[in-house]
Amino acid sequence: MTNFVWYYFVYLPHHKVFIMQDAEKYRILKEIWGYTSFRLHQSEIIDGVLDGKDSLVIMPTGGGKSLCFQLPALLMDGTAVVISPLIALMNDQVNALQLSGVQAVAYHSNIPQSELNKIEIQLLSGKVKLLYVSPERANSYEFAQLLSRLKINLFTIDEAHCVSVWGNDFRPDYIALHKLRDAYAHIPFIALTATADAATQADISQQLHLSQPRHFVSSFERNNIHVEARPAEQRFRQVKDFVLRQQDKSGIIYCLSRKETERLSGKLKDTGMNCDFYHAGMDAESRQRVQKAFQDDEIQFICATIAFGMGIDKANIRWIIHYSMPKNLEGYYQEIGRSGRDGQSAEALLFYSWADYALLKQFIDDSSAEETFKTVQYAKLERMWEFASAYECRTNIVLSYFGEYRTSPCGYCDNCRQPPKHKDGKTIAQKALSAMIRCNEEVPMNLLIDILRGSHREEIIRNNYDKLKTFGVGRDISFINWKVYITQLINQGIIRIDYTDGFKLKTTPLSKDVLFNDKVVTLVDLALPKFEVEQPRKQSKKAVFEENLLGKLKEWRIQLAREKGVPAFVIFTDKVLENITEKHPLTSADLLSVEGIGNIKLEQYGDDILAIVRGYVLDQDNLLKVKGSTYLETFRLYNMGWAPEAIAKERSIQVTTVFSHLAYLYSKGEKIDLLRYVTEDEIRDIEIAWKKTGKQTQLSSISDLLNPPIDYYKIRLALAILMQNDLSGG
Ligand code: ADP
Ligand code: ZN
């Protein structure tokens, strides 16, 4: 493993520190993570930490919080402590760091004492850069003792909302963490979270005793997640259709009940889909098995209750379905936030119905909570419903919920992409209202619709509803469309549902205006997606090439993940594998220029990856002209020990072409022994001539100056060597 040089900045004048610090930041970013630029706020946050200041960071899931404390930890002398509440997340981060060549350890109660002893020795050696610890351990006497023997440079509080009772995941163990802050007054603290409204943010600072923290709040907007909501009509069919379109991409279907997860998973399995279910009622072993299979991409999707997802750090979840409506927008947003963590696009489909609403409301009614708490829950449910049934930009509804207000539409939610068509709904509204009134406001929605549509079912006949003047006046409108219209009328305040009286529909003050005055009513037709099996798109050769190569890389990754006992994405995220397929690098230099490939990973996996890509490119050579495949074949034969002449003969090309391939490969950093084909003396003569031309690269200008003459191909080889020396300053 590479040894890093750790720089000390403290003793340097400030401006110099800054320049060096900046260069070092970028160097480490590429070396360890393989990235070339920082995301919004990351760079400033890192600077703040390096300056010894406290910070409070609010950044959405997938925004790139980990880098904000991991990178400065690598730039400072000593060890950074990271307090994290979820052991699964902790292990994933530690594994990912270790694979990138960073010394990181986890310290929590699931680790046997013998192992902890070893970790302590490692810590005392001073080489560990990041020490992850669970909050209950962090508060222990033993840990305080251990800390006092280490050189600590930073404390990180991850998932910091857990410290606040206002947050949605309060953990008593977090409360005592301020003691660390008090004990280490001179060490910077950084607190990070993805979910905290304004009240919670202030509370975090206060509870942790942060000292004048620099405050970084990123927008909650996740513009890679395409949100869509549909009425829960023909729901199973819609789900099946949606999942089929996702091909083999990972996803989660959230259900309200345990039973539902099992039932739905069974039904989808029957159609040949690769899924399973998960809920808190299963034994620990089964839960772990399902979760692991999902993380390793062995199961495509999981039908789950919201218990699933907390401990999951899977970056390539591409879609989320809410089979039923969640109870509030916080939960909804957190659940859809589990998709697209790698920043690539994801789809979130929400189904909603009055039945869900009624059920959720019933839960609150039946709960033994205090009235004030219930009031808040009702209000949250109301907002959830408004969001689900909205015809305006959904992103803006969520943003305003979290305190971000703007009027310009997002452009990527369903309502923005396919704006609903509004039509005059006055007659429809009048029909519904007059039928309601003629039934003395004594009927719930489904019964009213049956009356409007002229059904002769028993309940209608028994109550003489078929004798009403309005019986059957809405035959021309389908049952589903009636439901959608009435829902809209309720949302517009023209009709009301009486939850205290069997969900019967009642008039409101606005009803009169619709019936007797000229109140304008607009409605939107239900646009159910068409259930057509999409013809598979004819893929271009390039797309087929990339898809197959990606498949090969994924196979390799899963194999490696099994050997190392870590989740696949910890080795490389999908995004990185996709970057590789797109560039199909053939040399180490090409591979290092791929976003997400750092020096350590190159060292460890470069040969494997290049072998896969090269092998594949060669296989495809006849099918598809791939740039570079011709010198690659030369390279393959060269590595088998073939002489240039033999390679030329085998390939029916000029031997000079073979030499130019070898010169090119050499210049790309491949191990080619060019000195076998051109002598040191010749190189010296060529160098003199080359310098005389003012280092031109035109072979003829150099050749003109050579006496006795030297073959062109040798000039080319010599130039490759000379230019390489030039570059490396030799
Ligand atoms: P969070 O903890 O905020 O949910 P992560 O730290 O897990 O987010 O980062 C999410 C993804 O974004 C990871 O795959 C990470 O490697 C990637 N990422 C973070 N910073 C950058 C960057 N500067 N450039 C490219 N990718 C980044
Ligand atoms: Zn929108």
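Please read all numbers here as calculations on a predicted model, not as lab measurements.

Colleague: Describe the overall build of the protein chain, and please don't skip the residues or the numbers.
Modeller: On a plain count of helices and strands, the protein chain comes out with 34 helices and 17 strands. Oriented by its inertia axes, the alpha-carbon framework of the protein chain measures out at about 115 × 70 × 50 Å. The 730 residues of the protein chain split such that 52% are buried. The averaged location of the 91 negative side-chain charges in the protein chain is 3 Å from the averaged location of its 89 positive side-chain charges.

Colleague: Can you explain the site of ligand 1? Please cite residues and give values.
Modeller: As a structural note, the neighbourhood of ligand 1 is formed by 14 residues, with Tyr35, Gly62, Lys65, Ser66 and Arg341 the closest of them. A distance of 3.2 Å separates an oxygen atom of ligand 1 from a polar atom in the side chain of Arg39. Take Ser66: an N or O atom from its side chain is 2.4 Å from an oxygen atom of ligand 1. Taken together, the residues of the shell around ligand 1 sort by class into 3 nonpolar, 8 polar and 3 charged.

Colleague: Go over the sheet that holds strand E13 (residues 346-352), please, and point to the residues and values.
Modeller: The strands that make up a sheet pair up through hydrogen bonds in the backbone, lying either parallel or antiparallel. Pairing in this open sheet of 6 strands is parallel, and the strands run E8-E13-E12-E9-E11-E10 from one edge to the other. Every other strand in the sheet has two partners, leaving strand E8 (225-231) and strand E10 (275-278) as the edge strands with one partner each. Neighbour to neighbour, the strand axes of the sheet diverge by 15° on average, direction disregarded. Pairing between E8 and E13: 7 bridges, direction parallel. Looking across to E13, one finds that Pro231 is bridged to Tyr352.

Colleague: Any details on the domain arrangement of the protein chain? Residues and values, ideally.
Modeller: For the protein chain, the domain assignment lists domain 1 (4-217), domain 2 (225-417), domain 3 (422-524) and domain 4 (537-627). Here the C-alpha centroids of domain 3 and domain 4 sit 59 Å apart.

Colleague: Tell me about the nonpolar core, residues and numbers included.
Modeller: Membership of the largest hydrophobic core comes to 141 residues, with the highest contact counts inside it found for Leu130 and Met325. At 7 residues, helix H3 (residues 65-75) tops the list of elements feeding residues into this core. Leu130 has contacts with Phe69, Gln70, Ala73, Leu74, Thr79, Ala80, Val82, Leu97, Val102, Gln103, Ala104 and Val105, leaving out every residue within four places of it along the chain. Phe569, Leu706, Ala718 and Leu719 belong to the second-largest nonpolar core, a separate cluster that totals 61 residues.

Colleague: I'd like a rundown of the coordination of the zinc ion (ligand 2), residues and numbers included.
Modeller: Ligation of the zinc ion (ligand 2) by protein atoms is provided by Cys393 (SG), Cys410 (SG), Cys413 (SG) and Cys416 (SG), these donors lying 2.4 Å from the ion. Around the zinc ion (ligand 2) sit 4 donor atoms, and with donor-metal-donor angles ranging over 103 to 121° the site reads as tetrahedral. The class of Cys413 is buried, set by a relative accessible area of 0%.

Colleague: Which residues make up a nonpolar patch on the surface, and what values do they have?
Modeller: A contiguous nonpolar patch, built from Val165, Phe170 and Ile175 and spanning about 240 Å² of accessible area, is present on the exposed surface. With respect to the helices and strands, the residue Ile175 is situated in helix H8 (residues 172-175).

Colleague: Please give an account of helix H30 (residues 644-651) that cites residues and values.
Modeller: Residues of H30 that are buried: Pro644, Ile647 and Ala648. What you see down the axis of H30 is that its buried residues fit within an arc of 100°, all on one side. Away from its buried face, by an angle of more than 90 degrees, H30 presents the exposed residues Glu645 and Lys649. Following H30 by one or two positions, Ser652 has its phi on the positive side, about 55°.

Colleague: Summarise the environment of Ala293; cite the residues concerned and give the values.
Modeller: Relative to the assigned elements, Ala293 resides in helix H13 (residues 284-295). Along the primary structure Ala293 and Gly641 are separated by 348 residues, whereas in three dimensions their C-alpha atoms are 44 Å apart.

Colleague: Break down the pattern of salt bridges for me, citing the residues and quoting the values.
Modeller: Inspection of the entire model under this criterion finds 34 salt bridges. With its nearest N and O atoms 3.8 Å apart, the salt bridge here joins Asp466 to Lys467. Exposure remark for Lys467: the relative accessible area of 60% places this residue in the exposed category. Linking Glu670 and Arg614 is a salt bridge whose minimum nitrogen-to-oxygen distance equals 3.1 Å. Taken as a pair, Glu670 in the loop between helix H31 (655-667) and helix H32 (680-692) and Arg614 in helix H28 (residues 599-620) lie far apart in primary sequence, 56 residues in all. The class of Arg614 is buried, set by a relative accessible area of 17%.

Colleague: Before we move on, could you go through the state of the cysteines and cite the residues and values that matter?
Modeller: Following the criterion strictly, the structure yields 0 disulfides and no others. Sulfur of Cys162: no disulfide; nearest cysteine sulfur belongs to Cys68 and is 18 Å away. Judged by its relative accessible area of 1%, Cys162 falls in the buried class.

Colleague: Explain the packing of aromatic side chains to me, and be specific about the residues and the numbers.
Modeller: Under the criterion given, the structure shown has 20 aromatic pairs. Feature note: the residues Tyr352, Trp354, Tyr357 and Trp385 constitute an aromatic cluster, connected by ring pairs. Taking NZ or CZ as reference, Lys314 lies 5.1 Å from the ring centre of Phe294, over its face. The cationic tip of Lys601 hangs over the ring face of Phe572; the distance from NZ or CZ to the ring centre is 4.9 Å.

Calculation criteria
- Residues numbered from 1 in each chain as written.
- Chains lettered and ligands numbered in written order.
- Predicted model: local features only at pLDDT ≥ 70, side-chain atom pairs only at ≥ 80, totals over all residues.
- Heavy atoms only, no water.
- Helix = DSSP H or I, 4+ residues; strand = E, 2+ residues; numbered from the N terminus.
- Buried < 20%, exposed > 50% of the residue type's maximum accessible area, 1.4 Å probe, protein only.
- Lys, Arg positive; Asp, Glu negative; His and termini not counted.
- Charge placed at Lys NZ, Arg CZ, Asp CG, Glu CD.
- Near = heavy atom within 4 Å.
- Polar contact = N/O pair within 3.5 Å; in protein donor to acceptor, adjacent residues only side chain to side chain.
- Nonpolar A, V, L, I, M, F, W, Y, C, P; charged D, E, K, R; others polar.
- Pairing = 2+ DSSP bridges.
- Axes fitted to C-alpha atoms, helices over the stretch in contact; angles between N-to-C directions.
- Domains from an automatic or database assignment.
- Core = buried A, V, L, I, M, F, W, Y, C linked by side-chain atoms within 4.5 Å.
- Contact = heavy atoms within 4.5 Å.
- Donors = N, O, S within 2.8 Å, 3.2 Å for Na, K, Ca; no water.
- Tetrahedral: all angles 85-135°; square planar, octahedral: opposite > 155°, others 65-115°.
- Patch = residues over 30% accessible without salt bridge, like charges linked within 9 Å, V, L, I, M, F, W, Y side chains within 5 Å.
- Areas by Shrake-Rupley, 256 points an atom, 1.4 Å probe, with all protein chains shown as cover.
- Salt bridge = Lys/Arg side-chain N within 4 Å of Asp/Glu carboxyl O.
- Arc of directions from axis to C-beta.
- Disulfide = S-S within 2.5 Å.
- Phe/Tyr/Trp six-rings, centres within 6.5 Å; stacked < 30°, edge-to-face > 60°.
- Lys NZ or Arg CZ within 6 Å of the ring centre and 35° of its normal.

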